[in-house]
Amino acid sequence: MSSDSDLGFFVLLVRKGSLSAAAQELNLSPPAVSKRLAKLEDRLGVRLLNRTTRRISMTSEGEAYYQSAIQIMREIEELEERVSNASETPSGLLRINATFGFGREYVAPVIAEFSHLYPEVEVQLLLTDAPMNMVEEGIDLGIRFGGLPNSRIRARKLLGNRRFLCAAPAYIEKHGMPRSLSDLINHNCIILRQDNDVYDVWKMQRGQQSETVKVHGTLSSNDGEIALGWVMDGLGIMLRSEWDISRHVKAGRLRLVLPQYAHVDADIYAVYPERHNLSAKVRIFIDFLHRELRKNTTDNALR
C-alpha cells in the first residue's frame, strides 16, 4: 500500500525510526511529516508516537495500530496481486534480504539479470549480517542458511551447502595440521558472532556420526568476509561454507582441515512469509534465482 494512505504513512514512519528519515523518503520537510502525524492522531483521538528531536517510539496505541496496519496492508496487497496476477506479469516492489557475502557475490548479479527481463519490478536488496524480521520490515523474500526459523515461514531449497574447516597453507606450515577435532582446542580458531551470540561450538558430522567441539581464538567478527580475510592471512582456522571457500581451495590459497568432517545443516533456502497466494513477482524471482544459482555454482562443490 502506498504511503499516500494513513496506514502506509504510519508504517513507513515507524520503519524509518525518525521524522527526518521519513521526510527524506517522502520528499517532504520534517515539519510537514510532523503535521501529518498530528492530523492522524487528532482524527483517531490517541497519541501514536512519542517523539524527540532524534527519534520516535510507539505508544501502546501506536503499537496496536502498527501491527494492525501491517496485516491490513498485506491483505490489500494480496487482494490486488490476485487480481493483477491473471496476466502473470510480475510488477511492483520486491524487497529481498540476504547476508552480505552471499548477497554481494550471488544474489546481486541474479537481480541484475532479472531486472533486464522484468523492468516493471522494482527490486530492493537489503544486506544484513543477521536475518531481518520479514513481517515487520516488509520483506518479501529472504535468503537463509540452515534450519528454518519458525513454522510461519515457507521455504524453497535453492542449493545444497556444507561448511568445512579451512586454513591458509601458511598457518598449517607454522602450527601443523590438526589430526582430530579435539586438536582444535590447541589451535587459534576464528569465530563468527551474530545477534549477540558467539558461534564457538562447532557441530561436525563424519558419515552418520556427529561430534561437537568448543573452540576458542583471539579473533572474532560478525562479518564473514573479514573473518575469511583473516584466515587467508594465516591467522587461524575457520568453519566456512563451501560456496565461499571452494575457489580458494582449488586455487591453493586455502586448505581443508579435517576434510572428512563437515557441518551439514547449512543448505541455502529462499524463505517468505506464509501466505495463501504467492505473488507473481516473488514466485517468478524464486524460480529465476534457483535456476541461476544452480547454473553458476555447478563447479563449487568441494567433494
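A few points on the structure. A quick note: this is a predicted structure, and the numbers were derived from the prediction, not measured.

About the criteria used
- Residues numbered from 1 in each chain as written.
- Predicted model: local features only at pLDDT ≥ 70, side-chain atom pairs only at ≥ 80, totals over all residues.
- Heavy atoms only, no water.
- Pairing = 2+ DSSP bridges.
- Helix = DSSP H or I, 4+ residues; strand = E, 2+ residues; numbered from the N terminus.
- Axes fitted to C-alpha atoms, helices over the stretch in contact; angles between N-to-C directions.
- Contact = heavy atoms within 4.5 Å.
- Phe/Tyr/Trp six-rings, centres within 6.5 Å; stacked < 30°, edge-to-face > 60°.
- Buried < 20%, exposed > 50% of the residue type's maximum accessible area, 1.4 Å probe, protein only.
- Parallel < 35°, antiparallel > 145°, perpendicular 65-115°, else oblique.
- Left-handed = near helix turned anticlockwise from the far one by under 90°.
- Salt bridge = Lys/Arg side-chain N within 4 Å of Asp/Glu carboxyl O.
- Expected span 1.5 Å × (residues − 1).
- Arc of directions from axis to C-beta.

**Comments concerning the sheet that holds strand S4 (residues 121–127)**
(1) Moving on: The sheet built from five strands is open, its strands ordered S4-S3-S5-S15-S6 with mixed pairing. Every other strand in the sheet has two partners, leaving S4 and strand S6 (153–159) as the edge strands with one partner each. Neighbouring strand axes in the sheet, compared pairwise and without regard to direction, differ in orientation by 25° on average.
(2) Moving on: When strand S3 (residues 92–98) meets S4, the two strands line up parallel, connected through seven bridges. Its bridge partner being in S4, Leu93 is matched across the sheet by Glu122.
(3) Moving on: The strands that helix H5 (residues 100–117) touches are S3, S4, strand S5 (141–145), S6 and strand S15 (268–273); relative to S4, the one it contacts most, it runs at about 175°.

**A few points about the packing of aromatic side chains**
For any two aromatic rings, the description comes down to two numbers: the centre-to-centre distance and the angle of the planes.
(1) Moving on: According to the stated counting rule, one finds nine aromatic pairs in the structure shown.
(2) Moving on: Arranged with centres 5.6 Å apart and planes meeting at 80°, the rings of Tyr106 and Trp243 form a pair that is edge-to-face. Pair noted here: Tyr106 is in helix H5 and Trp243 is in helix H8 (residues 242–250), with a separation of 137 residues, a long-range link.
(3) Moving on: For Tyr106, a relative accessible area of 8% translates into the label buried.
(4) Moving on: Three or more aromatic residues joined by ring pairs form one cluster here, namely Phe102, Tyr106, Phe145 and Trp243.

**Topic: the packing of helix H1 (residues 6–16) against helix H2 (residues 19–26)**
(1) Moving on: Two numbers describe how H1 lies on H2: the axes approach to 8 Å, and their chain directions differ by 125°. It follows from the interaxial angle that H1 and H2 lie oblique. For the element pair H1 and H2, the recorded crossing hand is right-handed. Seen from H1, the contacting residues are Phe9, Leu12, Leu13 and Lys16; seen from H2, they are Leu19, Ala21, Ala22, Glu25 and Leu26.

**Here's the deal with the pattern of salt bridges**
(1) Moving on: Across all of its chains, the model carries 14 salt bridges by this definition.
(2) Moving on: Here Glu25 ties to Lys16 by a salt bridge, and the two come within 3.5 Å at their closest N and O atoms.
(3) Moving on: Salt bridges sharing common partners tie together Glu105, Arg240, Asp244 and Arg247.

**Structural notes on H1**
(1) Moving on: In terms of burial, H1 is a largely internal element, eight of the eleven residues being buried.
(2) Moving on: Those residues of H1 lying buried are Leu7, Gly8, Phe9, Phe10, Val11, Leu12, Leu13 and Val14.
(3) Moving on: Positive backbone phi, at 85°, marks Gly17, one or two positions downstream of H1.

**Thoughts on the pairing of strand S10 (residues 201–206)**
(1) Moving on: Alignment of S10 against strand S11 (residues 209–214), held across six bridges, turns out to be antiparallel. Within the sheet, the bridge partner assigned to Trp202 lies in S11 and is Val213.
(2) Moving on: With antiparallel pairing between neighbouring strands as the criterion, S10 and S11 make up a hairpin whose turn holds two residues, including Gly207 at a positive phi of roughly 65°.

**Focus: the sheet that holds strand S7 (residues 163–167)**
(1) Moving on: What the three strands build is an open sheet, ordered S13-S7-S14; its pairing is antiparallel. Strands at the two margins of the open sheet, each flanked by one partner only, are strand S13 (238–241) and strand S14 (255–257). Averaged over all pairs of adjacent strands, the angle between strand axes in this sheet comes to 55°, irrespective of strand direction.
(2) Moving on: In terms of strand pairing, S7 meets S13 through four bridges, oriented antiparallel. In the sheet register, Leu165 faces S13, and the bridge partner there is Leu239.
(3) Moving on: The sheet contacts of H8 involve S7, S13 and S14, and relative to S13 the element is tilted by about 105°.

**Topic: unusual backbone geometry**
Leaving glycine aside, a negative phi is the common case for residues, and trans is the common case for peptide bonds.
(1) Moving on: You will see that Asn27, though not glycine, has its phi angle at about 60°, which is positive.
(2) Moving on: Within the element layout of this structure, Asn27 appears in the loop between H2 and helix H3 (30–44).
(3) Moving on: Overall, the relative accessible area of 71% leaves Asn27 in the exposed class.
(4) Moving on: Located in the positive-phi region is Leu258, a residue other than glycine, with phi close to 50°.
(5) Moving on: On the accessibility criterion, Leu258 (3% relative accessible area) is buried.

**Details of H3**
(1) Moving on: For H3, built from 15 residues, the straight-helix expectation of 21 Å at 1.5 Å per residue is met to within 8% by its first-to-last C-alpha distance of 21 Å.
(2) Moving on: The complete set of buried residues in H3 reads Val33, Leu37, Leu40 and Glu41. Across the axial projection of H3, the buried residues extend over an arc of 95°, all falling on one side. In H3, the exposed residues that point more than 90 degrees away from the buried face are Pro31, Lys35, Lys39, Asp42 and Arg43.
(3) Moving on: Gly45 sits one or two residues past H3 and shows a positive phi near 80°.

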